[in-house]
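Overview (structure and organization)
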Amino acid sequence: MQYRADLHIHSKYSIATSKHADLENYYSWARIKGIRIIGTGDFTHHGWLGEIKEKLEPAGNGFFRLKEKPVTEALTLFKPAPLDVLFCLTSEISSVFKRDGRTYRVHSLIFAPDLETVSRIRKKLEIIGNIGSDGRPILRLDTKDLLEIVRDASPDAYLIPAHIWTPWYSVFGSKSGFNSMNECFADLTDEIFALETGLSSDPGMNRMWSDLDRFTLVSNSDAHSPNKLGREVNLFSTDLGYEAMFSALKTKDGFNGTYEYFPEKGKYHLDGHRKCGVCLTPEETDKHKGRCPVCGKPLTIGVMHRVADCADRKKPLKPSGPDGYRYIMPLDELLSTVADCGAGTKTVQVLLVKLIRLYGDELTTVLDIPAERISKDAGEDIAGALVKLRRGDISLSPGFDGQFGTVKMGTGEHLK
Ligand SMILES: [Zn+2]
Ligand SMILES: [Zn+2]
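Note that the structure is predicted; figures quoted are calculated from it, not measured.

Description of the overall build of the chain
The helix and strand inventory of the chain stands at 15 helices and 17 strands. Relative to the globule expectation of 22 Å for 416 residues, the C-alpha radius of gyration of the chain, 21 Å, shows essentially globular dimensions. In terms of overall dimensions, the chain has C-alpha extents of about 60 × 60 × 35 Å along its principal axes. Counting the 416 residues in the chain, one finds 57% classified as buried. A separation threshold of at least 6 residues defines the contact pool for the chain, and within that pool the share at least 24 residues apart is 67%. Carbon and sulfur atoms make up 50% of the accessible area of the chain, which totals about 17,500 Å². The centroid of the 55 positive side-chain charges in the chain is displaced by 4 Å from the centroid of its 56 negative side-chain charges.

Concerning helix α1 (residues 23-33)
With ten of its eleven residues buried, α1 lies for the most part within the structure. Those residues of α1 that fall on the buried side of the exposure criterion are L23, N25, Y26, Y27, S28, W29, A30, R31, I32 and K33. Where α1 ends, the next residue or the one after it, G34, has phi of about 90 degrees, a positive value.

Observations regarding a negative patch on the surface
A contiguous patch of negative charge, built from E283, E284, D286 and D309, is present on the exposed surface. Looking at the negative patch, the element that brings in the most residues is helix α9 (residues 282-287), giving three residues. Note on placement: D286 falls in helix α9.

Notes on the pattern of salt bridges
A full pass over the atoms with the stated rule returns 16 salt bridges. Between E362 and K33 there is a salt bridge, with its nearest N and O atoms 3.0 Å apart. Highlighted residues: E362 in helix α13 (residues 362-367) and K33 in helix α1, separated in sequence by 329 residues. The exposure classification of E362 matches that of K33, with both residues buried.

Some remarks on the coordination of the zinc ion (ligand 2)
On the protein side, the zinc ion (ligand 2) has H273 (ND1), C276 (SG), C292 (SG) and C295 (SG) as donor atoms, found 2.1 to 2.4 Å from it. In this structure, the zinc ion (ligand 2) is surrounded by four donor atoms whose angles at the metal cover 99 to 122 degrees, and the resulting shape is tetrahedral. Between the donor residues of the zinc ion (ligand 2), the gaps in sequence give the motif H-x2-C-x15-C-x2-C.

A few points about the coordination of the zinc ion (ligand 1)
Bound to the zinc ion (ligand 1) on the protein side are E92 (OE), H107 (ND1) and H163 (NE2), at distances that span 2.0 to 2.3 Å. When the donors of the zinc ion (ligand 1) are listed by position in the chain, the intervening gaps give E-x14-H-x55-H. On the criterion of sequence distance, the pair formed by H107 in strand β6 (residues 102-112) and H163 in the loop between β8 (158-161) and α6 (181-185) is long-range, its members being 56 residues apart. We classify H107 as buried; its relative accessible area is 4%.

Some details on the side chain of R306
Mapped onto the secondary structure, R306 falls in helix α10 (residues 303-310). Within the buried set, R306 has no salt-bridge partner at all; the shortest N-O distance to an opposite charge, 5.5 Å, is to D309. Of note is the side chain of R306, whose polar atom sits 3.0 Å from the backbone oxygen of F178. Filtering out sequence-adjacent residues up to four positions away, R306 remains in contact with W165, F172, G173, S174, F178 and N179.

Considerations on the domain arrangement of the chain
Each domain of the chain was delimited in the assignment, giving domain 1 (2-263) and domain 2 (330-394). Relative to domain 2, the C-alpha centre of domain 1 lies at a distance of 29 Å. Of the residues lining the interface, 17 residues belong to domain 1; the matching set on domain 2 comes to 16 residues. Buried area between domain 1 and domain 2, summed over both chains or domains, comes out near 1,300 Å², and the portion from carbon and sulfur atoms is 64%. Between D361 and R4 there is a salt bridge, and its shortest N-O distance comes to 3.7 Å. The tally of links from domain 1 across to domain 2 stands at seven residue pairs in polar contact (both at pLDDT 80 or more). Of all the elements in the fold, those that place two or more residues in the side of domain 1 that touches domain 2 are α1 and α3 (73-78). The residue makeup of the side of domain 1 that touches domain 2, split by class, is ten nonpolar, three polar and four charged.

Criteria and thresholds
Residues numbered from 1 in each chain as written. Chains lettered and ligands numbered in written order. Predicted model: local features only at pLDDT ≥ 70, side-chain atom pairs only at ≥ 80, totals over all residues. Heavy atoms only, no water. Helix = DSSP H or I, 4+ residues; strand = E, 2+ residues; numbered from the N terminus. Rg over C-alpha atoms; globule rule 2.2 N^0.38 Å. Buried < 20%, exposed > 50% of the residue type's maximum accessible area, 1.4 Å probe, protein only. Contact = heavy atoms within 4.5 Å. Areas by Shrake-Rupley, 256 points an atom, 1.4 Å probe, with all protein chains shown as cover. Lys, Arg positive; Asp, Glu negative; His and termini not counted. Charge placed at Lys NZ, Arg CZ, Asp CG, Glu CD. Patch = residues over 30% accessible without salt bridge, like charges linked within 9 Å, V, L, I, M, F, W, Y side chains within 5 Å. Salt bridge = Lys/Arg side-chain N within 4 Å of Asp/Glu carboxyl O. Donors = N, O, S within 2.8 Å, 3.2 Å for Na, K, Ca; no water. Tetrahedral: all angles 85-135°; square planar, octahedral: opposite > 155°, others 65-115°. Polar contact = N/O pair within 3.5 Å; in protein donor to acceptor, adjacent residues only side chain to side chain. Domains from an automatic or database assignment. Buried area = accessible area lost by both parts, 1.4 Å probe. Nonpolar A, V, L, I, M, F, W, Y, C, P; charged D, E, K, R; others polar.

Have a look at this one:
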């Protein structure tokens with residue numbers, strides 16, 4: 001069967017998350033967005049694990065489901081289509097460690113098939129550091145040693161390096177990462193079969209580097225709040241189950257690619273100086289020898305530049321099949337460009353509720369409902385904007401040096 005999965009989320013026990021980040025609200029928003037499988041996030045945290053044990057039950061296929069269907073404000077408001085949302089046991093670890101005098105900071109997603117495995121992993125991590133203060137614990141633990149702990153806990157437990165290009169917290173990060181997978185994982189590199197591209201890069205950018213060819217590229221929301229689910233998702237067509245899903249990630253057979261947010265929207269996509277109003281491509285930065293043409297100081301280097309430095313192919317590829325992807329954006333953001341007011345305004349929210357009630361969920365609305373039908377139900381402007389998004393007829397001002405990128409509908413073609 002075909003289904004969507006978002007496997008990187010955080011609970012209310014992680015720092016800087018919403019107080020609504022609980023199992024009931026994640027379930028509700030998974031239905032509103034149209035996502036069948038979501039991560040639990042944060043299984044290392046005792047408080048959150050307690051809620052997982054109390055409120056979820058095994059679904060018999062390595063996933064879990066809520067024992068009782070909740071009645072939440074979000075469900076009452078949006079009335080999404082029925083969907084049997086399942087949870088996959090996931091967590092994220094922030095490793096901070098030294099090798100040969102250099103400090104590395106790497107985030108990793110870890111996955112477990114059952115609660116016994118979770119308990120074995122937690123026992124090991126507990127000895128290393130404090131896993132009780134943050135849902136995403138920071139541990140003085142080499143990423144390679146973490147992989148060993150995960151692998152030893154169960155043959156069906158896995159590690160996927162998270163948002164691999166983030167400058168400060170990732171395996172290839174320019175500030176605190178490595179220059180290759182081998183450098184990080186050495187003789188255990190073969191145990192890794194998938195990489196998370198993160199919000200600031202898309203598969204096309206990653207496929208510029210042939211070193212990554214063998215890895216499946218996954219995308220998740222890294223949601224800190226339930227309504228941010230599905231900013232990026234993975235598509236599968238497999239039997240519904242933990243084993244089948246990971247077998248698809250290992251073999252690419254049954255993995256149908258991802259839905260991606262525009263990487264240009266990220267705060268550190270290109271290079272630049274926010275203060276000086278300077279935004280440069282990697283080539284332009286190299287021409288200026290890495291210095292700002294206005295103030296002369298070193299530029300803040302973005303994700304695209306880091307990818308270009310590692311890459312051995314010239315241009316982003318737009319692959320198909322398991323490497324394929326489509327661009328999406330949150331529907332409230334798209335509606336806000338049409339209504340010309342903020343995504344949080346009443347006008348936009350009323351439109352959003354109307355569309356979800358009509359078509360069952362957000363991702364189906366954004367990608368699949370025929371334009372003529374949307375035009376009839378909700379007006380030509382909304383239908384027109386969705387057609388432009390689906391065609392990639394978008395113009396983007398890329399983010400740089402901490403400034404978010406912006407999207408306008410029409411007048412451009414993305415990455416062409
Ligand atoms: Zn992270
Ligand atoms: Zn400057």
